[in-house]
Amino acid sequence: MAASLAGLRARPVIAAIGALFFIALPWIAAIVSCIALAQGKAVSVLTIAIFVAVPPLFTAGMLLMPFVLFGRSPALLGPHRYEFSDEQMTFVGPAFDNKLQWQIVDCYVSSRLGIYLFAGKLPLVSIPKRAVDPAVTEALHELFARKGLRQI
């Protein structure tokens, strides 16, 4: 969930369009339909029912989507190992064993939930807070700075 939100944070225009289309627009349509009905306009009960049901469903869908997409992923279950060196980054988990060169990563987000590495606006790696010892966090940020990663 946190990685999905970080990805949206890195792409604010996409996040805004998604929120507008799937959350704001249905709520606006529902409110307009209710106002029209209150003013005595001809609005069918089915239309009102649809406009009243759709906004909460779309809102819940947007909030639950990361859980549905990532909640049972084999790559997220079990122990993980994150290694950072001057040459590369290594990520090992139950369903993956990846090496990532520093040249592909250009920015990161550090939050209370973890650290998220990006290539441009695309999220590459999420490192949960529980995986990084607080004593190592500062050294990791220093390594990111030496490698030219900007914090967003």
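What counts, and at which threshold
Residues numbered from 1 in each chain as written. Predicted model: local features only at pLDDT ≥ 70, side-chain atom pairs only at ≥ 80, totals over all residues. Heavy atoms only, no water. Helix = DSSP H or I, 4+ residues; strand = E, 2+ residues; numbered from the N terminus. Buried < 20%, exposed > 50% of the residue type's maximum accessible area, 1.4 Å probe, protein only. Contact = heavy atoms within 4.5 Å. Areas by Shrake-Rupley, 256 points an atom, 1.4 Å probe, with all protein chains shown as cover. Phe/Tyr/Trp six-rings, centres within 6.5 Å; stacked < 30°, edge-to-face > 60°. Pairing = 2+ DSSP bridges. Axes fitted to C-alpha atoms, helices over the stretch in contact; angles between N-to-C directions. pLDDT = per-residue confidence, 0-100. Expected span 1.5 Å × (residues − 1). Bend = angle between axes of the 7 residues up to and from the residue. Salt bridge = Lys/Arg side-chain N within 4 Å of Asp/Glu carboxyl O.

A. Focus on the overall build of the chain. Within the chain, the regular secondary structure consists of four helices and seven strands. Reading the helices (α) and strands (β) of the chain from amino to carboxyl end gives α-α-α-β-β-β-β-β-β-α-β. Buried residues in the chain amount to 26% of all 152 residues. For the chain, restricting intrachain contacts to residue pairs at least 6 apart in sequence, the fraction spanning at least 24 positions comes to 45%. When the accessible area of the chain is evaluated, it comes to approximately 9,800 Å², of which 69% is carbon and sulfur surface.

B. Representation of the packing of aromatic side chains within the structure. Applying the stated rule across the entire model yields six aromatic pairs. On the numbers, 6.0 Å between centres and 80° between planes, the contact of Phe 84 with Phe 91 is edge-to-face. Residue Phe 84 is classed as partly exposed on the basis of its relative accessible area of 24%. Relative accessible area serves as the criterion here: at 4%, Phe 91 is assigned to the buried category. Taking 4.7 Å as the distance between ring centres and 55° as the angle between the ring planes, the aromatic pair formed by Tyr 108 and Phe 144 counts as tilted.

C. Molecular detail of the sheet that holds strand β6 (residues 122-128). Ordered by their spatial adjacency, four strands build an open sheet running β6-β5-β4-β7, and the pairing between neighbours is mixed. Looking at the sheet topology across the chains shown, the edges are occupied by β6 and β7 (150-151). In this sheet, β7 lies alongside strand β4 (residues 107-111) in parallel orientation, the contact comprising two bridges. Note on β7: the bridge partner recorded for Tyr 108 is Gln 151. Across the sheet, helix α4 (residues 134-146) is in contact with β4 and β5 (114-119); its angle to β5 comes to roughly 15°.

D. Structural context of the confidence of the model for the chain. Across the chain, pLDDT averages 81, with 88% of residues at or above 70. Taking the mean pLDDT of every element in the chain, the minimum, 62, falls on helix α1 (residues 2-10) and the maximum, 91, on β7.

E. Summary view of helix α2 (residues 12-38). For α2, built from 27 residues, the straight-helix expectation of 39 Å at 1.5 Å per residue is met to within 8% by its first-to-last C-alpha distance of 36 Å. A maximum bend of about 40° is found in α2 at Leu 20. Every buried residue of α2 is accounted for by Gly 18, Pro 26, Ala 30, Ser 33 and Ala 36. Once α2 finishes, Gly 40 follows within two positions and takes phi at roughly 85°, a positive value.

F. Examining the pattern of salt bridges more closely. Under the criterion given, the structure shown has two salt bridges. Of the charged contacts in the structure, one is a salt bridge between Glu 83 and Arg 81, with a shortest N-O distance of 2.6 Å. The class of Glu 83 is partly exposed, set by a relative accessible area of 37%. Overall, Arg 81 belongs to the partly exposed group, its relative accessible area being 42%. The salt bridge involving Arg 146 is made with Asp 86; its shortest N-O contact spans 3.3 Å. One end of the pair, Arg 146, is in helix α4; the other, Asp 86, is in the loop between β1 (81-84) and β2 (88-93), and 60 residues separate them in sequence. A relative accessible area of 42% means that Asp 86 is categorised as partly exposed.

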